[in-house]
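# What the coordinates show
Listed below, chain by chain, are the residues.
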Amino acid sequence: MTRRTSSYAAVIGVVLAASVFYTGAAFAETTVNVGGAPMYPSKNIIQNAVNSKDHTTLVAAVKAAGLVDTLMTPGPFTVFAPVNKAFNKLPKGTVDTLLKPENRATLTAVLTYHVVAGKHSAAELMSEVKAGGGKATLKTVQGGTLTVVQDGRKLDIIDAKGDRSIVTIPDVNQSNGVIHVVDTVLLPQ
C-alpha cells in the first residue's frame, strides 16, 4: 500500500467512524410524536405530556391531583397514559367530579393506578407475559394491580374491574421513564 493510499484509507476510516457515531447519536435521540407533538427522550414525563393535544385531560388531572412534582422526579416510572377520548368514555360528569378539590384523594388514586415503578418497555412487558404463561401482573404506585396480556403484536392492560385498555403507542421514552399511550382509563377497585 502506498503512503497516499493509506492516508486516504485513514481519512475514509475516520469519516465512516464519525458517520456511524453520528447516526447512533441521532438514533438515540429519536422522538415519537404523540398528540401532534414530539416527545423528546431528554425531557421528563411532564415536560413532554403538556405538549400532547391528546393528553390535555390527563395533564389537567395530574395538576389537580398535585402530582406534577412527583412525575418530574428521576423515577423511573412507567405510565399508562390515557388519551382525552379515554376520559370521554367515562360516564358523563365523571371527569368534572374528579377534578373538584374535595375529590383529590380519589383522583390521585385513579391517576397513580396508571403508574408503575421502574421503566418497563413494551418488549420487556411482552417477555413478562410470555414468562407468565400469557399474562403479567404489575403492582401500581396506587397499590393495586394491573394485568398485562398480549393480543397479537399489541399489549392490553386489564384493570381491577376487568376492563381492557389497548396500548396504542408503546415506548414513548422519557428521561425519567416511559409512557405507553392507552385508549381507556384504568380503574382500581
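Just above, that's the structure.
Residues numbered from 1 in each chain as written. Predicted model: local features only at pLDDT ≥ 70, side-chain atom pairs only at ≥ 80, totals over all residues. Heavy atoms only, no water.

### As for the overall build of the protein
On a plain count of helices and strands, the protein comes out with eight helices and nine strands. Relative to its 189 residues, the protein shows a buried fraction of 38%. Considering only residue pairs separated by 6 or more positions, the protein has 59% of its internal contacts joining residues 24 or more positions apart. (Helix = DSSP H or I, 4+ residues; strand = E, 2+ residues; numbered from the N terminus. Buried < 20%, exposed > 50% of the residue type's maximum accessible area, 1.4 Å probe, protein only. Contact = heavy atoms within 4.5 Å.)

### Let's talk about the sheet that holds strand β7 (residues 154–158)
Taken in spatial order, the seven strands of this open sheet run β4-β3-β9-β8-β7-β6-β5, and their pairing is mixed. Only two strands of the sheet have a single neighbouring strand rather than two, namely β4 (115–117) and β5 (136–139). Each neighbouring strand pair of the sheet contributes to a mean axis angle of 30 degrees, computed without reference to strand direction. Here β5 runs beside strand β6 (residues 145–151); their pairing, made up of four bridges, is antiparallel. Directly across from L138, in β6, lies its bridge partner L146. (Pairing = 2+ DSSP bridges. Axes fitted to C-alpha atoms, helices over the stretch in contact; angles between N-to-C directions.)

### What about the nonpolar core?
With 27 residues, the main nonpolar core has V62, V79, L111 and I179 as its most contacted residues. Among the secondary structure elements, those contributing two or more residues to this core are β2 (37–39), α2 (45–49), α3 (56–65), β3 (77–82), α5 (84–88), α7 (104–112) and β9 (177–182). A per-element tally of this core places α3 first, with four residues. Apart from the residues within four sequence positions on either side, I179 is in contact with I45, V79, A81, I169, P170, D171, V172 and Q174. Counting 15 residues, the second largest nonpolar core, distinct from the first, contains F80, L125, V148 and V182. (Core = buried A, V, L, I, M, F, W, Y, C linked by side-chain atoms within 4.5 Å.)

### Focus on unusual backbone geometry
Negative phi characterises most residues that are not glycine, and trans characterises most peptide bonds. Here the bond from G75 into P76 is cis, since omega is 5 degrees, no more than 30 degrees from zero. For P76, the position within the fold is in the loop between α4 (68–71) and β3. Positive phi outside glycine occurs at D171, with the angle close to 55 degrees. Along the chain, D171 falls in strand β8 (residues 164–174).

### Concerning the pairing of β8
The sheet contact formed by β7 and β8 spans three bridges and is antiparallel. Bridge assignment links I158 to a residue of β8, and that residue is R164. As consecutive antiparallel partners, β7 and β8 are separated by five residues, and within that stretch G162 has a phi angle of approximately 90 degrees, a positive value.

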